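# Examination of the molecular architecture
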Amino acid sequence: MRIARHLVDGQPALAVVTDQEIATLESDHTDLPTLLEACDGDLTTAVETMSTGPATPLNEASLLSPVGRPPTILAVGLNYRAHAAEGGREPPKVPIIFNKHHHCIIGPNESIHLPAAAPDMVDYEGELAIVIGRAARAVSAADAADYIAGYTIMNDVSVRDWQRASPTMMMGKSWDTHGPCGPWMVTGDSIDPHNCRLVTEVSGEVRQDAKTDDLIFDCYEIVEHLSTAFTLEPGTIIATGTPEGVGAFWKPPSFLSDGDDVSITIEGIGTLTNPVIAQPT
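About the thresholds
Each residue is numbered by its place in its chain's sequence as written, counting from 1. The predicted origin of the model limits local features to residues at a pLDDT of at least 70 and limits the giving and counting of side-chain atom pairs to 80 or more, whereas totals for whole chains, interfaces and linings rest on all residues. Only hydrogens and water are removed before side-chain values are computed, so all heavy atoms of the structure are retained for them. We treat two strands as partners when DSSP finds at least two bridges between them. Secondary structure counts use DSSP, requiring at least four H or I residues in a row for a helix and at least two E residues in a row for a strand, with both numbered from the N terminus. Fitted lines through C-alpha atoms serve as axes, helices being fitted only where they are in contact, and the angles separating the N-to-C directions of these axes extend from 0 to 180 degrees. The salt bridge definition used is simple: a Lys or Arg side-chain nitrogen within 4 Å of an Asp or Glu carboxyl oxygen. Accessible area is worked out with a 1.4 Å probe on protein chains only. A residue is then buried under 20% of its type maximum, exposed over 50%, and partly exposed in between. Here the arc refers to the directions that run from the helix axis out to each C-beta atom. Throughout, a contact is declared for two residues whenever any of their heavy atoms are within 4.5 Å. Here a polar contact means two N or O atoms within 3.5 Å. Within protein one must be a hydrogen donor candidate and the other an acceptor candidate, and residues neighboring in sequence count only if both atoms are side-chain atoms. In this analysis, rings of Phe, Tyr and Trp, with Trp reduced to its six-membered ring, are considered paired at centre separations within 6.5 Å, and the interplanar angle assigns stacked below 30 degrees, edge-to-face beyond 60, and tilted for intermediate values. Distance and angle both matter: a charge sits over a ring if NZ of Lys or CZ of Arg is within 6 Å of the ring centre and within 35 degrees of the ring normal. The nonpolar core is taken to be a set of buried Ala, Val, Leu, Ile, Met, Phe, Trp, Tyr and Cys residues, with the residues joined through side-chain atoms within 4.5 Å. In this description, the term disulfide denotes a pair of cysteine sulfurs within 2.5 Å.

All right, on to the sheet that holds strand β9 (residues 112-114) then. Consider a sheet: its strands pair through backbone hydrogen bonds, and that pairing is either parallel or antiparallel. Strand order in the open sheet made by the five strands is β9-β19-β18-β15-β16, with mixed pairing throughout. One side of each edge strand has no neighbouring strand; the edge strands of this open sheet are β9 and β16 (205-211). With direction set aside, neighbouring strand axes in the sheet form an average angle of 15°. When β9 meets strand β19 (residues 270-278), the two strands line up parallel, connected through three bridges. Each residue of the ladder has a partner; that of Leu114, found in β19, is Ala278.

Trans peptide bonds make up the majority, and among non-glycine residues the majority have a negative phi. Going from Gly182 to Pro183, the amide bond is cis rather than trans, its omega being 0°. Along the chain, Lys251 connects to Pro252 via a cis peptide bond; the corresponding omega equals -5°. Relative to the elements of secondary structure, Pro252 occurs in the loop between β17 (237-239) and β18 (261-266). Of note, the phi angle at Asp9 is positive, near 55°, even though the residue is not glycine. Take Asp9: it is sitting in the loop between β1 (2-8) and β2 (11-18).

A few words on the pattern of salt bridges. According to the stated counting rule, one finds nine salt bridges in the structure shown. Two residues, Asp214 and Arg81, come together in a salt bridge whose shortest N-O distance is 4.0 Å. A residue pair is termed long-range when its members are at least 10 positions apart, and Asp214 in the loop between β16 and α6 (219-229) and Arg81 in helix α3 (residues 81-86) qualify at 133 residues. For Lys173, the salt bridge is made with Glu125, and the minimal N-O distance between the two is 3.2 Å. With Lys173 in helix α5 (residues 170-173) and Glu125 in the loop between β10 (122-123) and β11 (126-132), this pair connects stretches of sequence that are 48 residues apart.

Take α6 next. Looking only at α6, the buried set comprises Cys219, Ile222, Val223, Leu226 and Ser227. One face of α6 carries all of its buried residues, which in axial projection span an arc of 115°. Of the exposed residues in α6, the ones pointing more than 90 degrees away from its buried face are Thr228 and Ala229. For α6, the elements touching its buried residues are β6 (73-77), β7 (96-100), β11, β12 (148-155) and β17. N-cap assignment for α6: the residue whose side-chain oxygen lies 3.0 Å from the backbone N of Tyr220 is Asp218.

Position of Thr236 relative to the elements: it lies in the loop between α6 and β17. Sequence separation between Thr236 and Ile22 is 214 residues; the distance between their C-alpha atoms is 24 Å. Once residues lying within four places of it in the same chain are set aside, the contact partners of Thr236 are Pro71, Thr72, Leu74, Ile130, Val131 and Ile132. Among the polar contacts listed, one links the side chain of Thr236 to the backbone oxygen of Glu233, at a separation of 2.8 Å.

Summed over all chains, the structure comprises one aromatic pair. Aromatic side chains Trp162 and Trp175 sit 4.9 Å apart centroid to centroid with 80° between the ring planes, which places their arrangement in the edge-to-face category. Of this pair, Trp162 sits in helix α4 (residues 160-165) while Trp175 sits in the loop between α5 and β14 (179-187), placing them 13 residues apart in sequence. With a relative accessible area of 33%, Trp162 lands in the partly exposed category. The positively charged end of Arg2 is found above the aromatic ring belonging to Trp184, 4.8 Å away from the centroid. Here the guanidinium or amino end of Arg207 rests over the ring plane of Trp250, the centre of that ring lying 5.0 Å away.

This part covers the nonpolar core. In this structure, Tyr151, Val223, Ile238 and Ile269 are the most contacted members of the largest nonpolar core, which totals 50 residues. Per-element tally for this core: the top contributor is α6, with four residues. Excluding residues that lie within four positions of it along the chain, Val223 makes contacts with Ile130, Ile132, Val139, Ala144, Ile148, Leu232 and Ile238. The next biggest cluster of nonpolar side chains, apart from the first, holds 28 residues, and it includes Cys39, Met50, Cys104 and Ala129.

Attention now goes to the state of the cysteines. Disulfides are covalent bonds that link the sulfur atoms of two cysteine residues. Counted under the stated rule, the structure contains zero disulfides. Not part of a disulfide, Cys181 finds its nearest cysteine sulfur in Cys104, a span of 8.9 Å. With a relative accessible area of 0%, Cys181 lands in the buried category.

What follows is the structure in structure tokens.
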């Protein structure tokens, strides 16, 4: 099942996507976190009991990020073996975790801004992202799938000079518009998150092409690690890391420019595309 958010008469609404059509759910919930909390993680059953409006062509929909206001955005650094290697790093022994501020979230086709204060080292990172389905605390890897609502795509846009200036990385990872997410969430029962091909293209040029079986810490291990310390609330987004091929490690480095577009495709989910523009004045 694919769950999306889109604009209906200028207001956000949840919807189901089937083939090339989208149908709005008749629900008071307009964002996934509140719906997930209300259904206590049984999203599929909840959606199946909801009525839908008439289906409309998907290519006419104004899609939003499937999670508009996540309680938290967490991300994992250096979580692909080949990505660690391209940067000359040893694979980490424990997950490297950082935050992204929720104001970074944008949806499909919305513009990534090159910051006026730091326009020259803006990089892409195609990532598989987990969406937490119900409150998770002290969850084992063996049970983690029961706490995951589904998966989506995130572009962990990174301002490399700001990222490298601070050991926490948050300031380089959280600029407004630097968290494209979508095009929808696929429920956990419809995808094997550890056997997907991930391809990132910049203006039609393939920059990343990998399989998620190269993850150092898989999705379930990440949920176990994080929930050991604190509760993961419904709607929390966890970006699981990026494979090799980021612009910083091309020779010479190849960062994003005004006029580029970034498309990230993950097998079993779909494609997330965003144009790149100079920050509007």
